[in-house]
Amino acid sequence: MEEMKRAWWKECVVYQIYPRSFADSNGDGLGDLNGITAHLDYLKELGVDVIWVSPFYASPNYDNGYDISDYRAIMKEFGTMEDFDRMLAGIHARGMKLVIDLVVNHSSSEHPWFIESRKGKDSPYRDYYIWRDGKEDGPPNNWGSCFSGSAWEKDEESGQYYLHLFTPQQPDLNWANPAVRQAVYDMMTWWCEKGIDGFRMDVIGMIGKENFNDGPVAPGALYGDFAPSCQHTATTHRYLREMREKVLDHYDLLTVGETSGTTDNALVYAGEDGKELNMVFGFEHNDGLNDGTELGKWSDHGAPLREVRSVLNRWQMALQGKAWNTVYLGNHDQPRQVSRYGNDSELFRALSAKMLATLIHTLRGTPYVYQGEELGMTNIYFTDISQYQDVENHNAWRQWVETGRVDAQDMLRYFARISRDNARTPMQWNTEKNAGFTTGTPWLPVNRNYLLINAEDERKDPNSVFHYYRKLIALRHTHDVIVYGTFSPLLEDSDTVYAYERKLGNQTLTVALNWTEKKVPCTLMDGLEGQELISNYPTHQPGFLQPYEARVILTES
Ligand code: TEU
Ligand code: CA
C-alpha cells in the first residue's frame, strides 16, 4: 500500500459544537457564541484540535440554523460578528482551528435571493432556485422530502412549484446557475479571508441535480426517491472540483462532506488525489441500521455488533490507502451514542461510553467527538410528541401517525430511540440549575441525569469518561500508528467482541472491545507482550473480557 500523504487534518481530533445547546452566556435560554468562547479552555483541556460549529448564521430557525437567510451575518440569537471574531481569535490563541458549516444545497425561504426569486418568472433571481410547472394539476414529479411530504411547494402567485428536499422553508439552490455557484464561492472565500480553517459541507452530495424524472417508489412509500436524480451525480463531482479550484485550493483547509452514500461514493469524494474533499461522513452505520420499511430510520432496530462492525470494517478496508475516512458515532442528527450503541444504565453507562470512545479513537480516520459524548451524555427519552422541538419529528408524526398509518405508541418508541432532539438537550456543565447551561429557561429541557453526568464533576474524577477521552486524544497525538497504521480486522465472526489491529513499521496496535454487558471468553490479548496504552478497567481477567471492557496493547516486533 502506498504511504499515505501526511496531513494535519488526518492527525487531528474534531469536536462538534451545536451552538444552540452548548452554553448560554446571556440568560435567554439559547446557547450562543460568547458561551462557546467562555468554554474554550475546557476544550483545550480535553485536547481536541479542531472545533466544528454547526450553523450560526442569520436564520429563522425552521431547522435550527440549517436554513440560512444571510450567509455573512450572525444569527441574532447567537450574538454579533464581533462575538464571532472574538470566538475565532480565542480558538486560534489556544492553537486550535475552526471549521464552519457550509449549508448551500438550500437556503432559507427568507433569504433575499428567494424573496426576489418568488416575485415572478421574470425575476432576475428566478433561476437561483428550482422552479417547475406542475404536472396534471399536481407537483412536477413524485419526489418526497427528507422531512416527509412532497419535495415540491406550490407558489399560488406564479402557479409554479419550487423544489425543497427538506422543509418548504429550505428551498434548494439551483447549482446549474453559474451565478449561484459564484455567489457561493465568493461567500466561502469571504469566510476563509476571515481566517476560518475549514468547512463541513451539509448534504453536499445533493447539489448536482441531473434530471427531474419521477423516482422509484419503495414498497409502502408515499413518494418517489430523488436520489437517482440528485445524489452523487457526475454533476455534483464537477461542481466540487470547480469549488476546489475556485476556493479550496487557495487555503489550507479541512473539508468534510456530509454525503452519506457508499464506499464507492466516498472513494471519489475523498480520494487521496485531493480533487474534491478531504473526507466524508457516511450514514450506513446509523441511519442505515433500520428495518428496511417505508419509515426508514424510524424503527426498533438497534445496533447489533455484527451489523455495526460489518459496516465500519467495510469502510475501513475499502478506503484504506485510497481515501481518508471519518470515524464518528454521534452528531446533532443522531441519538446519543451511549444510548444507541452502548448501554446507558447507571451500571454500564460510563464503561460502555469508554468502550465506544476507544473504537472511534483507534479506527483509521479522523475522529469526530460530538458535544457531551465526552461526558457520556444519554438520550432524554421524551414520551410525548409535544416534547419534541425537531421539525423532522413533527412532520413524520403528521405524515404517519395523524393519518392512521402508524400507531402513536410505536412512533413514540422510535422517536425516543432515534430522534435528533436526543442529542440537542443542553450541555451538562455542572450540578447548578439547568446544569449550568443557562440562567434562563432552556429552549429544550435539560436531561434530569445532569446531577450524575456533568463536566465539572467529571473533570475532578480521574476515572471519568471525560478523562478517558482526554487520554485517548493524547494517544493520537503521540502515536503515529493510531493515525497512519494500516487496519486489519480480527475475530470477525465474534458475536460479542469487536477486535482489530493497526500496523505501522515495527509497531502493532491490538484493540479488543467487549460490545456486551456480559463477561465473555477472549484470549486475544492474553499472550501479547507489549504496553497497554489504555483500558477502561484497572485489572484484567485472563481468558475473558469483562463487561464492555476495552483494551489497547502496543507491541513492537
Ligand atoms: O442532515 C442531512 C440529513 O441526512 C437529514 O436527512 C437528517 O440529518 C436526518 O435526520 C438524518 O437522520 C443535514 C443536517 O445535518 C441536518 O441537521 C439538517 O436538518 C439537514 O441537513 C438539512 O440542512
Ligand atoms: Ca444566549
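Residue indices follow the written sequence of each chain, beginning from 1 at its first position. In the order they appear in the text, chains get letters beginning with A and ligands get numbers beginning with 1. Totals for whole chains, interfaces and linings use every residue, but because this is a predicted model, local features are given only for residues with pLDDT of at least 70 and side-chain atom pairs only at 80 or more, for both listing and counting. The basis for every side-chain value is the complete set of heavy atoms in the structure, and neither hydrogens nor water enter the calculation.

What to know about the sheet that holds strand β6 (residues 131-132)
In any sheet, the strands associate via hydrogen bonds between backbone groups, in a parallel or an antiparallel arrangement. Put simply, the test is: DSSP-based pairing: two strands are paired if at least 2 bridges between them are found. Put simply, DSSP marks the helices as runs of H or I at least four residues long and the strands as runs of E at least two long, and each gets a number from the N terminus on.
Spatial ordering of the open sheet is given by β6-β8-β7, a layout of three strands whose pairing is antiparallel. Strands at the two margins of the open sheet, each flanked by one partner only, are β6 and β7 (152-154).

What about the pairing of strand β20 (residues 550-556)?
Residues in a regular strand project their side chains so that they alternate between the two faces of the sheet. So the rule is basically this: Each residue is assigned to one of three classes by its accessible area relative to the maximum for its type, calculated with a 1.4 Å probe on protein chains only: buried under 20%, partly exposed between the two thresholds, exposed over 50%.
Among the seven residues of β20, six are classified as buried, and the element is accordingly described as predominantly covered. Pairing geometry for strand β16 (residues 507-514) and β20, over seven bridges, is antiparallel. Across the sheet, Thr 508 pairs through a bridge with Thr 555, a residue of β20.

Some details on the pairing of strand β10 (residues 254-258)
Most of β10 sits out of view: five of its five residues are buried. The alternating pattern of β10 places Leu 254, Val 256 and Glu 258 on one face and Thr 255 and Gly 257 on the opposite face, and all of these are buried.

Quick notes on the side chain of Thr 366
The following threshold applies: Should any heavy atoms of two residues lie within 4.5 Å, those residues are considered in contact.
Note that Thr 366 resides in strand β13 (residues 366-370). By relative accessible area, which is 0% here, Thr 366 ends up buried. Not counting residues within four places of it along the chain, the set of residues in contact with Thr 366 comprises Trp 9, Lys 10, Cys 12, Val 14, Met 279, Trp 324, Asn 325, Thr 326 and Val 327.

Considering the coordination of the calcium ion (ligand 2)
Rule in force here: Shown as donors are all N, O and S atoms within 2.8 Å of a metal ion, widened to 3.2 Å for Na, K and Ca; because water is not in the atom set, sites may appear incomplete.
Protein coordination at the calcium ion (ligand 2): the donors are Asp 24 (OD), Asn 26 (OD1), Asp 28 (OD), Leu 30 (O) and Asp 32 (OD), at 2.3 to 2.4 Å from the metal. Here the donor residues for the calcium ion (ligand 2) map to a single chain with the spacing D-x1-N-x1-D-x1-L-x1-D. Given the relative accessible area of 35%, Asp 28 is considered partly exposed.

Overview of the pattern of salt bridges
To keep things clear, this is the line we draw: By convention in these notes, a salt bridge is any Lys or Arg side-chain nitrogen within 4 Å of a carboxyl oxygen on Asp or Glu.
Evaluated as defined, the whole model comprises 34 salt bridges. Residues Arg 241 and Glu 276 are paired through a salt bridge, measuring 2.7 Å at the closest nitrogen-oxygen approach. Of this pair, Arg 241 sits in helix α8 (residues 234-246) while Glu 276 sits in the loop between α9 (263-269) and β11 (279-281), and the two are 35 residues apart along the sequence. Residue class for Arg 241 comes out partly exposed when judged on its relative accessible area of 34%. Taken together, the shared-partner salt bridges in this structure form one network comprising Asp 63, Lys 297, Asp 333, Asp 390, Glu 392, Arg 420 and Arg 424.

Side note on the site of ligand 1
What counts, and what does not: Being near a molecule or strand, for a residue, comes down to having at least one heavy atom within 4 Å of it. N or O atoms within 3.5 Å of each other form a polar contact, as long as, within protein, one can give a hydrogen and the other can take it, and as long as residues adjacent in sequence are counted only when both atoms are side-chain atoms. In these tables, accessible area is a Shrake-Rupley quantity obtained with a 1.4 Å probe, and a residue counts as shielded only by the protein chains included in the view. Under the grouping applied here, Gly and all other residues not named as nonpolar or charged are polar, the nonpolar ones being Ala, Val, Leu, Ile, Met, Phe, Trp, Tyr, Cys and Pro and the charged ones Asp, Glu, Lys and Arg. Domain ranges listed in this record stem from an automatic or a database domain assignment.
What surrounds ligand 1 is a group of 18 residues, the closest being Asp 63, Asp 202, Asp 287, Asp 333 and Glu 392. Interatomic distance of 3.0 Å between a side-chain N/O atom of His 106 and an oxygen atom of ligand 1. Glu 392 places a side-chain nitrogen or oxygen 2.7 Å from an oxygen atom of ligand 1. Here ligand 1, which alone exposes 490 Å², has 95% of that area covered by the protein. Here the shell around ligand 1 is built from residues that sort into five nonpolar, three polar and 10 charged. Residue assignment places the shell around ligand 1 across two domains, with domain 1 (9-107 + 178-471) and domain 2 (108-172) each supplying three or more.

Let's talk about the packing of helix α6 (residues 178-193) against α8
In plain terms, the rule: Think of each axis as a best-fit line through the C-alpha atoms, taken over the contacting stretch in the case of a helix, with angles from 0 to 180 degrees between the N-to-C directions. Any angle between 65 and 115 degrees counts as roughly perpendicular, while under 35 counts as roughly parallel, over 145 as roughly antiparallel, and the rest as oblique. In this scheme the handedness of a crossing depends on how the near helix is turned from the far one: anticlockwise by less than a right angle means left-handed, clockwise means right-handed.
Viewed as axis vectors pointing N to C, α6 and α8 meet at an angle of 40°, and their least axial separation amounts to 10 Å. In terms of their interaxial angle, α6 and α8 are classed as oblique. By crossing handedness, the relation of α6 to α8 is classed as right-handed. For the pair α6 and α8, the contacting residues are Arg 181, Gln 182, Tyr 185 and Met 188 in the first and Tyr 239, Glu 242, Met 243 and Lys 246 in the second. Residue classes in the contact of α6 with α8 are distributed as four nonpolar, one polar and three charged.

A closer look at the packing of helix α13 (residues 391-401) against helix α14 (residues 408-418)
Closest axis-to-axis distance for the α13/α14 pair is 11 Å, and the angle between their directions is 155°. Considering their axes alone, α13 and α14 lie roughly antiparallel with respect to each other. When the axes of α13 and α14 are compared, the crossing they make is right-handed. Contacts between α13 and α14 involve Asn 393, Ala 396, Trp 397, Trp 400 and Val 401 from the former and Ala 408, Met 411, Leu 412 and Phe 415 from the latter. Residues belonging to the contact of α13 with α14 are distributed by class as follows: eight nonpolar, one polar and no charged.

Quick notes on the nonpolar core
Applied cut-off: To define a nonpolar core, start from buried Ala, Val, Leu, Ile, Met, Phe, Trp, Tyr and Cys residues and group those joined through side-chain atoms within 4.5 Å.
Grouped together as the largest cluster of nonpolar side chains are 158 residues, with contacts concentrated most on Phe 84 and Met 188. If you look at the next biggest cluster of nonpolar residues, it comprises 14 residues, including Trp 143, Tyr 161, Leu 165 and Cys 230.

Re α6
The condition that has to hold: Residue count minus one, scaled by 1.5 Å, sets the expected span of a helix.
Taking 1.5 Å per residue as the helical rise, α6 with its 16 residues ought to reach 22 Å, and the 22 Å between its terminal C-alpha atoms agrees with that figure. Val 180, Arg 181, Ala 183, Val 184, Tyr 185, Met 187, Met 188, Trp 191 and Cys 192 are the residues of α6 that are buried. With a side-chain oxygen positioned 2.8 Å from the backbone nitrogen of Ala 179, the residue opening α6 is Asn 177. Gly 195 sits one or two residues past α6 and shows a positive phi near 105°.

Regarding the environment of Pro 228
Inspection of the secondary structure puts Pro 228 in helix α7 (residues 227-230). Judged by relative accessible area, Pro 228 falls into the exposed class, the value being 54%. For Pro 228 and Asn 211, which are 17 residues apart along the polypeptide, the C-alpha to C-alpha distance reads 8.9 Å.

Brief notes about the domain arrangement of the protein chain
Each assigned domain of the protein chain is listed here: domain 1 (9-107 + 178-471), domain 2 (108-172) and domain 3 (486-556). Between the C-alpha centres of domain 1 and domain 3 there is a distance of 29 Å. For the pair domain 1 and domain 3, the number of links is two salt bridges. Its salt-bridge partner being Arg 306, residue Asp 495 comes within 2.5 Å of it at the nearest N-O pair. Seen at the junction of domain 1 and domain 3, the total is 13 residue pairs in polar contact (both at pLDDT 80 or more). Elements represented by at least two residues in the side of domain 1 that touches domain 3 include exactly α10 (305-319), α12 (349-362) and α16 (465-478). Counted by class, the side of domain 1 that touches domain 3 contains 14 nonpolar, eight polar and five charged residues.

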